[in-house]
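Structural overview for review
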Amino acid sequence: MKITVRIANSDDKKYASIICKEIESSAKVRGTGISKRDPEYIKKKMDDGFSVIAFFNGDLAGFSYFEVFENKNFLSNSGLIVFPKYRLHGLAKMIKLEIFKLSKKKFTNSKIFSITTSPAVIKINTDLGFNPVLFSDLTKSKKFWKGCKSCTNYDILIRNKKKMCLCTGLLYDPKKKLNLNNSLNKGDKILLAYSGGLDTSYCLKYLTNEGYKVITIIINTGVFNNKDLESIEKRAINIGAISHYSINAKEYFYSKCIKYLVYGNILKNNTYPLSVSSERFFQAILIAEFAKNLNVKAISHGSTGAGNDQVRFDLAFQILCPNQIIVTPIRDMKLSRKEEVFFLKSKGVKISWKKAKYSINKGIWGTSIGGEETLKSSTSLPEKAYPTKLSEYSKKIIELKFKKGELFSVNKIQDLQINNIIKLEKISSKFAIGRDLHVGDTILGIKGRVGFEASAALLIIKAHKLLEKHILTKWQISCKEQLSTWYGNLLHEAQYLDPIMRDIECFFKNTQKRVSGKVTILLNPYRFELIGIDSNFDMMKSKIAKYGEINNEWTSDEVKGFIKIFGNQMKIYHNIKKYD
């Protein structure tokens with residue numbers, strides 16, 4: 001087996017038509033992507049030395065090219081194809097690497113970008129140093145976006161004013177890479193997002209060992225008590241932080257996020273209340289603001305290169321404090337847990353990092369659980385995986401009162417909304433309700449599973465939704481359901497700072513003017529029942545009519561006329577159908 005990947009030249013122009021046909025064929029199979037290229041366009045790329053070509057045992061096997069935009073400020077790596085019978089040999093990665101190297105060699109200072117729906121291509125790009133970005137960070141060239149016209153999803157791009165589509169935007173910025181290597185000097189201050197765990201403890205020790213002055217910060221969105229915070233601060237100082245900050249952000253997180261998750265009845269894939277994932281972006285926002293106030297040179301976090309949080313942190317930092325360098329030792333050095341532990345021990349950090357069987361991330365809006373079972377598609381989490389055990393076996397009725405969409409009281413005791421959530425969690429978690437497994441798409445384009453328990457979140461959302469069913473009109477409910485899906489997906493995928501989020505929040509808030517009343521719920525072990533509601537705005541209390549029984553506002557002749565007109569379009573359709 002001989003694989004050759006090289007820069008294409010004029011002698012390769014004979015393959016242009018075959019390459020164009022494969023580009024079109026591949027796009028049809030995927031159902032997305034740029035589907036057509038003119039052979040003359042491909043030939044021009046070969047003449048210019050702007051493309052690479054691959055051969056498998058002498059036969060044409062793959063191709064890719066790049067385009068130049070905005071006076072060489074941007075390059076796009078495009079048209080990556082591997083012919084079907086030569087796939088599964090790592091050719092795509094080899095071609096991608098060669099076109100990336102060629103792009104950097106030809107245009108050293110240009111930003112290189114790519115848009116794709118392919119999880120495999122996203123993975124290859126992120127391994128090369130690309131980062132997920134907003135479409136607004138990509139080229140403004142009309143020529144580039146015009147090239148998307150042949151994609152089947154072009155209407156989605158246009159409807160969203162080129163702010164978003166099904167593709168993920170990925171960007172390699174050589175200047176930022178250069179800043180990371182050349183702009184940090186020993187003694188510079190770095191603000192580190194610190195949780196006290198293994199990854200962030202490694203970052204702290206590594207950075208101090210390199211001669212930087214590290215300030216640690218933890219944003220408490222509701223899960224840590226005073227004892228926890230004191231322990232984390234002590235650990236940070238002992239490892240080497242020059243100072244440590246603990247920021248209480250419970251009310252901030254509620255007012256900026258949880259409130260709208262309730263307004264929108266947000267359950268990702270109709271299952272997951274965005275428990276811990278919703279916290280990360282707001283933690284990142286506050287860290288970014290703090291970094292500007294401290295005037296530090298860089299910000300660091302302990303995310304790996306495989307998860308969603310790296311996108312949330314990086315994107316917030318890039319937007320809110322673009323002058324600070326982002327330092328991510330775990331991701332950049334692709335460290336294993338074993339390597340981290342070894343380094344810490346070698347530097348005298350004597351802490352037990354014994355790995356638990358299950359990874360538990362607790363938040364105010366629920367707890368996520370990961371384990372070997374969630375890495376498979378065929379197994380569920382056992383009872384022992386859930387941190388809160390069943391301890392209440394008898395039935396219990398609770399009453400939740402809402403005022404303009406917000407939880408006003410629990411069992412007739414009024415308190416701050418955030419305190420009501422905590423109180424409800426203490427009551428309901430004893431019944432082991434709110435457990436499930438969520439299957440969804442990560443920001444990086446791969447499928448993932450996570451277990452969770454979120455009894456308070458699910459009770460509040462389900463009770464709130466029931467109240468809305470009685471109070472809102474059918475068109476309000478219909479529009480809300482569509483916008484709620486968008487809001488949940490955009491929040492999950494780190495798009496909180498996009499102005500569309502503020503637009504949706506305004507709509508949500510406006511729909512809540514009448515959403516006030518009581519909801520009665522019966523709690524049972526492992527399940528709950530929504531009994532009913534009581535509200536002054538309940539549309540079922542109307543004296544106009546009762547469903548299936550009586551009406552006072554129309555006659556039988558009037559309703560017959562309504563039905564006759566109501567069915568006009570169907571009648572017309574079926575009348576024409578006779579002539580098919």
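Please refer to the structure higher up on the page.
Residues numbered from 1 in each chain as written. Predicted model: local features only at pLDDT ≥ 70, side-chain atom pairs only at ≥ 80, totals over all residues. Heavy atoms only, no water.

**A word on the overall build of the protein chain**
Scanning the protein chain from N- to C-terminus turns up 20 helices and 21 strands. For the C-alpha atoms alone, the extent of the protein chain along its principal axes is close to 85 × 85 × 45 Å. Counting every position in the protein chain, which comprises 580 residues, the buried fraction comes to 49%. Sequence separation of at least 24 residues holds for 72% of the intrachain contacts in the protein chain that already meet a minimum separation of 6. In the structure as shown, the protein chain presents an accessible area of about 30,100 Å², 53% of it carried by carbon and sulfur atoms. The positive charge centre, built from 95 side chains, and the negative charge centre, built from 55, are 2 Å apart in the protein chain. (Helix = DSSP H or I, 4+ residues; strand = E, 2+ residues; numbered from the N terminus. Buried < 20%, exposed > 50% of the residue type's maximum accessible area, 1.4 Å probe, protein only. Contact = heavy atoms within 4.5 Å. Areas by Shrake-Rupley, 256 points an atom, 1.4 Å probe, with all protein chains shown as cover. Lys, Arg positive; Asp, Glu negative; His and termini not counted. Charge placed at Lys NZ, Arg CZ, Asp CG, Glu CD.)

**Details of the packing of aromatic side chains**
Applying the stated criterion across every chain yields a total of 26 aromatic pairs. Taking the centre distance of 5.6 Å and the plane angle of 65° together, the rings of Tyr15 and Phe55 count as edge-to-face. Of this pair, Tyr15 sits in the loop between strand 1 (3–7) and helix 1 (16–30) while Phe55 is found in strand 2 (residues 51–56), placing the two residues 40 residues apart along the sequence. Look at Tyr245 and Phe290: their rings are 4.8 Å apart centre to centre, the planes differ by 65°, and that puts the pair in the edge-to-face class. (Phe/Tyr/Trp six-rings, centres within 6.5 Å; stacked < 30°, edge-to-face > 60°.)

**Thoughts on the packing of helix 8 (residues 198–209) against helix 9 (residues 226–239)**
The contact between helix 8 and helix 9 brings their axes to 9 Å, and the two run at 25°. Taken together, helix 8 and helix 9 sit at an angle that is classed as roughly parallel. Classified by chirality, the crossing of helix 9 by helix 8 is right-handed. On helix 9, the residues that touch Ser201, Leu204, Lys205 and Thr208 of helix 8 are Arg235, Ala236 and Ile239. Grouping the amino acids of the contact of helix 8 with helix 9 by side-chain chemistry returns three nonpolar, two polar and two charged. (Axes fitted to C-alpha atoms, helices over the stretch in contact; angles between N-to-C directions. Parallel < 35°, antiparallel > 145°, perpendicular 65-115°, else oblique. Left-handed = near helix turned anticlockwise from the far one by under 90°. Nonpolar A, V, L, I, M, F, W, Y, C, P; charged D, E, K, R; others polar.)

**A word on the sheet that holds strand 16 (residues 406–410)**
Sheet architecture is open: five strands sit in the order 17-16-15-20-21, paired in antiparallel fashion. Because the sheet does not close on itself, it has two edges, and the strands there are strand 17 (413–414) and strand 21 (527–534). Taken together, the two bridges between strand 16 and strand 17 define a ladder with antiparallel strand orientation. Paired with Val410 across the strands is Ile413, a residue of strand 17. Here helix 16 (residues 455–471) sits on the sheet in contact with strand 15 (396–403), strand 16, strand 20 (517–524) and strand 21, set at roughly 35° to strand 21. (Pairing = 2+ DSSP bridges.)

**Things to note about a positive patch on the surface**
Taken together, the side chains of Lys401, Lys403, Lys404, Lys412, Lys513 and Lys518 define a basic patch exposed on the protein surface. For Lys401, a relative accessible area of 31% puts it in the partly exposed group. (Patch = residues over 30% accessible without salt bridge, like charges linked within 9 Å, V, L, I, M, F, W, Y side chains within 5 Å. Salt bridge = Lys/Arg side-chain N within 4 Å of Asp/Glu carboxyl O.)

**Considering helix 15 (residues 417–428)**
Over its 12 residues, helix 15 extends 16 Å from the first C-alpha to the last, a length consistent with the 16 Å expected when each residue adds 1.5 Å. Residues of helix 15 that are buried in the fold lie against helix 10 (250–263), strand 15, strand 16, strand 17, helix 16 and strand 20. (Expected span 1.5 Å × (residues − 1).)

**Focus: the sheet that holds strand 1**
Strands sit in the order 1-2-3-4-5-7-6 across an open sheet of seven strands; the sheet is mixed. Since the sheet does not close on itself, it has two edges, and those belong to strand 1 and strand 6 (131–133), each with one partner. The sheet shows a mean angle of 25° between the axes of neighbouring strands, direction not considered. Judged from the five bridges that link them, strand 5 (residues 111–116) and strand 7 (residues 168–172) form a sheet pairing that is antiparallel. Its bridge partner being in strand 7, Phe113 is matched across the sheet by Leu171. Contacts from helix 2 (residues 39–48) reach strand 2 and strand 3 (59–69), with the element oriented near 80° to strand 3. Helix 3 (residues 91–106) rests against strand 1, strand 2, strand 3, strand 4 (74–82), strand 5 and strand 7 of the sheet, and its axis sits at about 155° to strand 4.

**Digging into the packing of helix 8 against helix 14 (residues 337–346)**
Running from N to C, helix 8 and helix 14 point in directions that differ by 50°, and their axes come no closer than 10 Å. As far as their axial angle goes, helix 14 and helix 8 are oblique. As helix 8 packs across helix 14, the resulting crossing turns out to be left-handed. Within the contact between the two elements, helix 8 uses Leu198, Asp199, Ser201, Tyr202, Lys205, Tyr206 and Asn209 and helix 14 uses Arg337, Glu340, Val341, Phe343 and Leu344. Taken together, the residues of the contact of helix 8 with helix 14 break down into six nonpolar, two polar and four charged.

**Some remarks on the side chain of Thr271**
With respect to the helices and strands, Thr271 occurs in the loop between helix 10 and helix 11 (277–294). Side-chain polar atoms of Thr271 contact the backbone oxygen of Asn269, separated by 3.0 Å. In this view, Thr271 contacts Asp436, Leu437, His438, Phe452 and Leu458; residues no more than four positions away in its chain are not counted. (Polar contact = N/O pair within 3.5 Å; in protein donor to acceptor, adjacent residues only side chain to side chain.)

**Side note on the nonpolar core**
With 115 residues, the main nonpolar core has Ile19 and Trp365 as its most contacted residues. Top contributing element to this core by residue count: helix 16, with 10 residues. Ignoring any residue separated from it by four or fewer positions in sequence, one finds Trp365 in contact with Ile258, Leu261, Val262, Pro273, Leu274, Ser275, Glu279, Ile421, Ala454, Ala457, Ile460 and Ile461. Membership of the second largest hydrophobic core comes to 26 residues, among which are Ile190, Tyr194, Ile218 and Val349. (Core = buried A, V, L, I, M, F, W, Y, C linked by side-chain atoms within 4.5 Å.)

**Some remarks on unusual backbone geometry**
Negative phi values dominate among residues other than glycine, just as trans dominates among peptide bonds. If you check the backbone angles, Leu88 has positive phi at about 70° while not being a glycine. Within the element layout of this structure, Leu88 appears in the loop between strand 4 and helix 3. We note that Asn411 has phi near 50°; this positive angle belongs to a residue other than glycine. Looking at the element boundaries, Asn411 is found in the loop between strand 16 and strand 17.

**Comments concerning the pattern of salt bridges**
Within the structure shown, the criterion is met by 19 salt bridges. A salt bridge links Lys480 to Glu468; the nearest nitrogen and oxygen atoms lie 2.9 Å apart. Linking Lys480 in helix 17 (residues 474–492) with Glu468 in helix 16, this pair joins segments that are 12 residues apart in sequence. Just as Lys480 is buried, Glu468 falls in that class too. One network of salt bridges, in which partners are shared, links Arg280, Asp309 and Arg312.

**Brief notes about the environment of Ser110**
Along the chain, Ser110 falls in the loop between helix 3 and strand 5. Since its relative accessible area comes to 3%, Ser110 is described here as buried. On a C-alpha basis, the gap between Ser110 and Val68 in space is 8.9 Å, while along the polypeptide they are 42 residues apart. Not counting residues within four places of it along the chain, the set of residues in contact with Ser110 comprises Lys72, Asn73, Leu75, Tyr172 and Pro174. At 2.3 Å, the side chain of Ser110 and the backbone oxygen of Lys72 are in polar contact.

**A word on a nonpolar patch on the surface**
A cluster of nonpolar side chains, Trp554, Val559, Phe562, Ile563 and Phe566, forms an exposed patch at the surface whose accessible area comes to about 540 Å². Structurally, the position occupied by Phe562 is in helix 19 (residues 556–566).

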